[in-house]
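# Report on the structure
Residues per chain are reported as follows:
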Amino acid sequence: MNGTSAPKLRATSAMAGLSVFVISGSWLDDAFGVSTGGIGAAAMLFGATELVSSLASAAFADRIGKLRTTLGGLGALLAGLALIVSADDRLWMGVGALVVFLFGFELAFVVSLSLVSESMPDARGSTLAVGNAVGTVARASGAVLTGWLYDVHGINGTAALAAAAAIVAVSSLVLSRRMPSSLADLRRTAPWDAARISAPVLALHGEHAGAHHRRAMTGLPDMIAGCRAVMVPEAG
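Residues numbered from 1 in each chain as written. Predicted model: local features only at pLDDT ≥ 70, side-chain atom pairs only at ≥ 80, totals over all residues. Heavy atoms only, no water.

### Some words on helix H7 (residues 155-176)
The following threshold applies: By the criteria applied, helices consist of DSSP H or I runs no shorter than four residues and strands consist of E runs no shorter than two, each listed in order from the N terminus. What a helix should span is 1.5 Å times the count of its residues minus one. Here the term buried applies to any residue with accessible area under 20% of the maximum for its type, exposed to any over 50%, and partly exposed to those in between, with areas from a 1.4 Å probe on protein chains only.
Compared with an ideal rise of 1.5 Å per residue, which puts 22 residues at 32 Å, H7 spans 31 Å between its outermost C-alpha atoms and is within 8% of the ideal. Residues of H7 that are buried: Ile155, Gly157, Thr158, Ala159, Leu161, Ala162, Ala165, Ala166, Ala169, Ser172, Leu173 and Ser176.

### Brief notes about the packing of helix H3 (residues 36-64) against helix H4 (residues 66-86)
Basically, it comes down to this: Note on geometry: axes are lines fitted to C-alpha atoms, helical ones only across the stretch in contact, with angles between N-to-C directions running from 0 to 180 degrees. Should an angle fall under 35 degrees it is taken as roughly parallel, and over 145 as roughly antiparallel, whereas 65 to 115 is taken as roughly perpendicular and any remaining angle as oblique. It only takes one pair of heavy atoms within 4.5 Å for two residues to be counted as in contact. In this classification, Asp, Glu, Lys and Arg are treated as charged, Ala, Val, Leu, Ile, Met, Phe, Trp, Tyr, Cys and Pro as nonpolar, and every other residue, Gly included, as polar.
At a minimum axis separation of 7 Å, H3 and H4 run at an interaxial angle of 125°. Our classification of the angle between H3 and H4 gives oblique. The segment H3 lies against H4, with Ser57, Phe60, Ala61 and Ile64 engaging Lys66, Arg68 and Thr69. Tallied by class, the residues present in the contact of H3 with H4 amount to three nonpolar, two polar and two charged.

### Things to note about the environment of aspartate 30
Rules: Distance and chemistry together define a polar contact, namely a pair of N or O atoms within 3.5 Å, with one atom able to donate a hydrogen and the other to accept it when in protein, and with adjacent residues in sequence counting only for side-chain atoms on both sides.
Assignment of secondary structure puts aspartate 30 in helix H2 (residues 24-32). Given a relative accessible area of 54%, aspartate 30 falls into the exposed group. Sequence spacing of aspartate 30 and glycine 154 is 124 residues, and the spatial spacing of their C-alpha atoms is 9.6 Å. Only 2.7 Å separates the side chain of aspartate 30 from the side chain of tyrosine 150, close enough to count as a polar contact.

### A closer look at unusual backbone geometry
For residues other than glycine, phi is negative in most cases, and the peptide bonds are mostly trans. Even without being glycine, aspartate 88 reaches a positive phi, approximately 55°. Tracing the chain through its elements places aspartate 88 in the loop between H4 and helix H5 (91-119). When its relative accessible area of 57% is taken as the criterion, aspartate 88 is described as exposed.

### What to know about the pattern of salt bridges
We count it as follows: In what follows, salt bridge is the name for a side-chain nitrogen of Lys or Arg lying within 4 Å of a carboxyl oxygen of Asp or Glu.
The final tally for this structure, using the stated rule, is one salt bridge. Residues aspartate 88 and arginine 90 are paired through a salt bridge, measuring 3.8 Å at the closest nitrogen-oxygen approach. Looking at arginine 90, the relative accessible area reads 34%, which means it is partly exposed.

### Quick notes on the packing of aromatic side chains
Put simply, the rule is: Here a pair means two rings of Phe, Tyr or Trp (six-membered ring of Trp) with centres within 6.5 Å. Their orientation is stacked below 30 degrees between planes, edge-to-face above 60, and tilted elsewhere.
Under the defined criterion, the tally for this structure stands at two aromatic pairs. An angle of 75° between the planes, with centres 5.1 Å apart, marks the rings of tryptophan 27 and phenylalanine 32 as edge-to-face. With a relative accessible area of 5%, tryptophan 27 lands in the buried category. Residue class for phenylalanine 32 comes out buried when judged on its relative accessible area of 17%.

### Quick notes on the nonpolar core
For clarity, the threshold we go by: Take the buried residues of types Ala, Val, Leu, Ile, Met, Phe, Trp, Tyr and Cys, join any two whose side-chain atoms come within 4.5 Å, and each joined set is a nonpolar core.
With 33 residues, the main nonpolar core has Trp27, Leu28, Leu81 and Ile84 as its most contacted residues. Going through the elements one at a time, helix H1 (5-21), H2, H3, H4, H5, helix H6 (124-153) and H7 are the ones with two or more residues in this core. No other element matches H5, which puts eight residues into this core. For leucine 81, the residues in contact, after removing those within four places along its chain, are Val20, Phe101, Ala159, Ala162 and Ala163.

### Comments concerning the side chain of threonine 158
Note that threonine 158 resides in helix H7. Leave out the neighbours within four places in its chain, and threonine 158 touches Ser19, Val20, Ile23, Thr146, Leu149 and Tyr150.

### Looking at the pairing of strand S1 (residues 201-206)
Under the convention used in this document: For two strands to pair, DSSP has to find at least two bridges joining them. With the strands pointing away from the viewer, any crossover whose connection runs clockwise from the first strand over the helix to the second is right-handed.
Of the pairings in the sheet, the one linking S1 to strand S2 (residues 227-232) comprises six bridges and is parallel in character. Within the sheet, the bridge partner assigned to glycine 206 lies in S2 and is valine 232. The parallel pair S1 and S2, bridged by helix H9 (residues 211-219), forms a crossover whose chirality is right-handed.

### Some details on the environment of alanine 138
Mapping alanine 138 onto the fold places it in helix H6. In this structure the C-alpha to C-alpha distance between alanine 138 and leucine 18, which are 120 residues apart in sequence, comes to 9.3 Å. Setting aside residues up to four positions removed in sequence, alanine 138 forms contacts with Ala11 and Met15.

Written out as structure tokens, the structure is:
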């Protein structure tokens, strides 16, 4: 991910999640007649969902990678939106849709922080600061806009805003990972031959790198003569 895509990812993912979350109580009341106590119970369920998603984010990121985890979270968010607009008067479906939505949002939002920090390794602090600042502005503006959309168009208006923001987030992720044409051409060539490598090789992997990266780097010495795998402390 490049430095320009990182703030966009944080902003759009934040807007996608918060635009629905801030009106969820009103929607449960208007659409299903849920009492104040019922909304409080639902809020506890949503909080537990976010906690589980946050705790699971590291496991998902290690197993399938940060990019796929973030995309998966955004996909779950979009699936939750589709269920929300289809709930009609079915309370169980509405609550379940919000659980799916919030699980996906929290998963994508938490893991995207790692992607943002990796977008400019030489300026991690500045990149995180800019990303969080842009995300804060997006959350504030989204909260105001979603309230107006909900008043005018109901849950469909709010869902449309969240879906648009999520699609922009997915697009920024996909486009930022596109390889230059020269690298794409290289990938389409025949597989490399380990036996033809005669120069010394140093296979580096970060202490906090994904499990698949660590496995790949530590496995190279078994394939290449003269290769040495080295772990870089504190690196991603």
